[in-house]
Amino acid sequence: MAGVTARLTVDVLGPLAVSVDGRPLTLRPAKLRSLLAVLAMSAGDDVTISRLADSVWGEAPPVDARRTTQIHVMRLRRVIGFENIRTVPAGYRLQIAPDDVDALRFRQVLNMAAAATDPAVEREWLGQALALWRGDPFDGVTSPWLEMVESPRLTELYVAAQERRIELDLELEPAGDLIAELRELTARYPLRERLWGHLMTALFRSGRQADALAAYQRLYRTLAEELGAEPTPAVRDLHRRMLSGDPTLTALRGRATRTQLPQSHHNGSFGRMLRENRERLAMSRDALAERVGLSHLTVYAMESGHALPPPTSVGLLCDAMWLTGDRRSRLENAAKAERDARPDDIFRVAPSDLPRDLPDFIGRTGEVMRLFDVLTAPRPATTVCAIDGMAGIGKSSLAVHVAHHVAHTYPDAVLFADLHGHTADREPRTAAETLSHLLRALGVVPEQLPESLDERVARWRTLTMSRRILLVVDDATSAEQIRPLIPSGAGCAVMVTSRHRLTDLDATAVVSVDPMPATDAASLLRRASGRPLGDLDVRQVLDLCAGLPLALSIAGTRLRHRGAWSAAELAARLRDEHRRLTELRLGARGVAAAFSLSHRLLSDSQRRVFRAAGMHPGRRFDARSVAAACALSVAAVEDALEGLLDAHLVVELKTGRYQLHDLLRLFARQQAARHPTETEETVRRLLAYYAVAADRADRCAYRHRQRVDVPADAPMAPDFGSTAAALAWFDTEIDTLVTATHMAFERGMDVFAWSIPVAAWGCFSLRSRWAEWIDSHHVAVAAAERCGDKIALGQALSGLGVALAETAAYDSAITCYQRAVTVRREIGDLRGEASSLGNLAVVYAELSRYEDAIACAEKASLLSRSTGDAAREAATITNLGEMKRRTGDLVGALSDLLDALKLCQRIESEHSESIVLGYLAAVHNDLKEYDRAADYGLRALDLLQRTTDDQLRTSDVLVALGHSAHGLNDTEAARQRWQQAHRTLSELGHPRSVEVWQLLQSLPPP
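What you are looking at is a predicted structure, and each value in this text was computed from that prediction instead of being measured.

1. Thoughts on the sheet that holds strand 10 (residues 493-498)
Here 5 strands make up an open sheet; going across it, the order is 8-9-10-7-11 and the pairing parallel. Both edges of this open sheet fall to strand 8 (413-418) and strand 11 (509-512), since each of them pairs with a single strand only. Across the sheet, the mean angle separating the axes of adjacent strands is 15° when strand polarity is ignored. As paired elements, strand 7 (residues 383-388) and strand 11 share 4 bridges and run parallel to each other. Counterpart to Cys385 in the pairing with strand 11 is Ala509. In this fold helix 20 (residues 395-406) packs onto strand 7, strand 8, strand 9 (469-476) and strand 10, with an angle of close to 165° to the strand it touches most, strand 10.

See below:
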């Protein structure tokens, strides 16, 4: 399900702490802790595999650092959720908002402090930043990069923030309260002269001149002994002034510049009291905001003195914190006193024509904080923030919400202009019309409005030159609409929302709004429904709304107005893909209606590609497959996809790989249903493309096996120049291949329902993808039976049997092989019969039915020789050799395996050769010839790693090498080999992992 992800939080300012949707996670493996911390410090940004490896291992990387890093990432995904780590072209990206990493939030709050003009406000921000620290950064995390780069950088910021915070405290509060803290800080950071200067000042202002001078002497000696240096001129000057008793040192200068409020406010300010009451309950800001129905940023602003609530909200705040009696009265009185005072430099509200802020605005913490940072920071030119995203994603709500919270920064005006880029039955607003609205809002009467666009632009820029104005421009379609509206004053800012990526707009910041994380989506649904909902029911609705706020809001509202409905009943209605978009509608307001307004602006070619993308069997797809579906060139489809990407009708996950949001996919299929003939041909071409491409990939990666020719033509299907390229394509497309198989069967296109999986079974085997292999081959068997194609049926049954045998489902495998033998014998397919008999022999051997196994293998060998099938003959002799080894006939086993080795080398089948070498290693282990066994095992391992990277066969070889090492009394080498094998088999979910675990347990402890 696209879009809905669990909310991940990572705290590194102290011992590593991780939670998903508020649930703490235990992450014990050291490398996984290091990996997560490195990714978290680059929240939202791509991190290359090489940088990850360097950061985690430093100058002592493992032999195959890239592969090892990928394995560790896979394990980390299993702990924190696969959706929380995205694979990107460069490497990986942790799907986490910067606000959910305490170190990054620490930096954000420090930026707010630096931008503050009021010392009291700056002090508040600094206090909140420093409160995030729980100990040394990355405590318990081993990473050279974090230890050498990030930890010192964060510590420097921390100490600098402490220095500035204490400097402000010295100006605003009694100095004596700071002495103990300063002694601790100077002991911890003895070379920080600024801290020593603060300690000297605090002592001096407390009437302890001798102690202040003694502190200077300690600093002087420390610097001389450690660095051979003297204190800085500033500290020396402070020392001189203390010696002379300078009276200015005792003045609290900051109180003259601090915002003056009534005395009652200083004794118990509303913001401070609010925070104290909240912290007394150990309640987070987010929790308080949720209970009251405000945003976390509103609570943040109230606690820091940036905003006051209306009287009704004060009551809600008191109720949310269970305040009664004296505590409640004090908070209400503090709010009233501050509201009565309302000093303009803090609480002034700009003239505004903003729409009202949503009372149920939820989430978007990272986006809100980023926009808040940009819009409140001083800049030398007009600030332009571009907010883009798909229809119904909540761009306008986000812009209006942020605008309400930064309005105090723009005292001259906060204006709103809807450009109606996607309004039904209305043309987009022109720049001239918009400027007319804006100029009137600034007091220009209609009679004085200039006629031409250029004159209106000039008048607008003149009026905004020396003002601080915030302009919110909603629903723009292009940068051309916006440029004339940009104010000229350096103190002005523009927030623009658009369904299009405004790539040619010179924006200060660009915020692309994605579907909501699961936690926020659940909160929105519950609030919109107005009633308690169970977690399971909520999850079902969330999955079907795919994190789209518009869909969630409509779903919740429908529950609110349909009291007899349960969330489970609504989910059942939404589960019908043919009705889901119809259900997500309230009058003229609906998801499909919102999408159609974007769709109507597309060109014919873009609509054609959009429909084909909707019918694509894969959740993710590339331009080549869509080009095959549309019978267009790849270049033409890439151009169309760029247009869809800019319109947020498709998402590019990484270079060349695209995805449709779940609800957009349904909308695209609705559009396709209006073109039935075109859609039928589109699907047929897509399935043919995947059948041919799978066949080509398999022929390249697994050359020596019997095949059935794919009865389809697909000129756009890719060719593969190497095994690695073929397997890389298979890894990318495996889910699509399985889905395409089911799609073909459901549409009655049986030739593709059996040919796609049958073509790819060699790749299924090499990649040990047994679940997908079994699933798709069950469909293949059913399709071949339905269309009466016995050649295809024999091949499908044989492939299904191999997959079942690999997963130790031996009885089912025997049934498949026996049916395959019968079918192939009926149609005179001797090569196929030999193959099925050989496979049947292997299963009998696994069940210790060696007499049956040898009989089948010998029949298979005779048939293979009679047909001249050298590859099949080599496989049969290999299996005979392994059976003889298991029955104790080591001489016979060695003879057969050496014959098989020659055959494999003659036909240049390196994969088969690696299997034979592994079996030879096992034979020599049984003969106690451990050196020779190790030699064969290493040759097998080298071949596997150079060719197919077959993980299952590699594990078999590692087990054999472990036995060789153990036989040579190298216990640690044996342990290492078996640990590697156990790790791989466990990751594959293979039952043989239990056997290897028992081998490990047999070793003495290290």
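On we go from here.
2. Regarding the packing of helix 8 (residues 193-205) against helix 9 (residues 209-227)
As a packed pair, helix 8 and helix 9 sit with axes 7 Å apart at the nearest point and diverge in direction by 165°. By the criterion of interaxial angle, the relationship of helix 8 to helix 9 is roughly antiparallel. Read as a crossing pair, helix 8 and helix 9 show a hand that is right-handed. Touching Glu193, Trp196, Leu199, Met200, Leu203 and Phe204 of helix 8 are Gln209, Asp211, Ala212, Ala215, Tyr216, Arg218, Leu219 and Leu223, all from helix 9. Here the residues of the contact of helix 8 with helix 9 sort into 10 nonpolar, 1 polar and 3 charged.

3. A short note on the environment of Glu733
Looking at where Glu733 falls in the secondary structure, it is placed in helix 35 (residues 723-746). A relative accessible area of 1% means that Glu733 is categorised as buried. As for Glu733 and Arg619, which are separated by 114 residues in sequence, their C-alpha atoms are 9.9 Å apart. Beyond its immediate stretch of four places on either side in the chain, Glu733 contacts Asp622, Arg657 and Tyr690.

4. Some thoughts on the packing of aromatic side chains
Enumeration according to the criterion identifies 13 aromatic pairs in this entry. Where Phe610 meets Phe667, the ring centres are 6.2 Å apart and the plane angle is 50°; that geometry is what we call tilted. With Phe610 in helix 30 (residues 604-615) and Phe667 in helix 33 (residues 662-673), this pair connects stretches of sequence that are 57 residues apart. When the centroid spacing of 6.4 Å and the interplanar angle of 10° are considered together, the rings of Phe764 and Trp773 count as stacked. Note on accessibility: Phe764 and Trp773 belong to one class, buried. Here the guanidinium or amino end of Arg468 rests over the ring plane of Tyr410, the centre of that ring lying 5.3 Å away. Over the ring of Phe745 we find Arg786; its NZ or CZ atom is 4.0 Å from the centre of that ring.

5. What about the pairing of strand 15 (residues 651-654)?
One ladder, built from 3 bridges, connects strand 15 with strand 16 (residues 657-659); its direction is antiparallel. Bridge pairing in strand 16 places Glu652 opposite Tyr658. Joining the antiparallel neighbours strand 15 and strand 16 is a turn of 2 residues, in which Gly656 adopts a positive phi near 85°.

6. A few points about the confidence of the model for the chain
Residues shown with low pLDDT carry predicted positions that ought not to be read at fine detail. With 92% of its residues at a pLDDT of at least 70, the chain reaches an overall mean of 85. Throughout residues 252-268 the model reports pLDDT below 50, and contacts reaching past four residues in sequence, or to other chains, amount to 35 contacts.

7. Considering the environment of Asp829
For Asp829, the location among the structural elements is in the loop between helix 40 (810-826) and helix 41 (830-846). We classify Asp829 as buried; its relative accessible area is 18%. For the pair formed by Asp829 and His742, sequence separation is 87 residues and the distance between their alpha carbons is 28 Å.

8. Some details on the pairing of strand 1 (residues 8-11)
Where burial is concerned, the two faces of strand 1 differ: the one with Leu8 and Val10 is buried and the one with Thr9 and Asp11 is not. Linkage of strand 1 to strand 2 (residues 17-20), two consecutive antiparallel strands, is achieved through a turn of 5 residues, within which Gly14 is found at a positive phi near 135°.

9. A few points about helix 25 (residues 535-545)
The complete set of buried residues in helix 25 reads Val538, Val541, Leu542, Leu544 and Cys545. Buried residues along helix 25 cover an arc of 165° about the axis, so they all sit on one side. More than 90 degrees from the buried face of helix 25, the exposed residues found are Asp535 and Leu536. Residues of helix 25 that are buried make contact with helix 24 (518-529), helix 26 (549-561), helix 27 (567-575), helix 28 (580-583) and helix 33. In the stretch just after helix 25, Ala546 is the one whose phi turns positive, near 55°.

10. Describing unusual backbone geometry
Here the phi dihedral of Asp475 falls at roughly 60°; this positive angle occurs in a residue that is not glycine. Within the fold, Asp475 resides in strand 9. Looking at Asp475, the relative accessible area reads 12%, which means it is buried. Unlike most non-glycine residues, His648 shows phi in positive territory, near 60°. His648 sits in the buried class, given a relative accessible area of 10%.

11. Considerations on helix 31 (residues 623-630)
For helix 31, the buried fraction is high: 7 of the 8 residues fall into the buried class. All of the buried residues in helix 31 are Ala623, Ser625, Val626, Ala627, Ala628, Ala629 and Cys630.

What counts as what
Residues numbered from 1 in each chain as written. Predicted model: local features only at pLDDT ≥ 70, side-chain atom pairs only at ≥ 80, totals over all residues. Heavy atoms only, no water. Pairing = 2+ DSSP bridges. Helix = DSSP H or I, 4+ residues; strand = E, 2+ residues; numbered from the N terminus. Axes fitted to C-alpha atoms, helices over the stretch in contact; angles between N-to-C directions. Contact = heavy atoms within 4.5 Å. Parallel < 35°, antiparallel > 145°, perpendicular 65-115°, else oblique. Left-handed = near helix turned anticlockwise from the far one by under 90°. Nonpolar A, V, L, I, M, F, W, Y, C, P; charged D, E, K, R; others polar. Buried < 20%, exposed > 50% of the residue type's maximum accessible area, 1.4 Å probe, protein only. Phe/Tyr/Trp six-rings, centres within 6.5 Å; stacked < 30°, edge-to-face > 60°. Lys NZ or Arg CZ within 6 Å of the ring centre and 35° of its normal. pLDDT = per-residue confidence, 0-100. Arc of directions from axis to C-beta.

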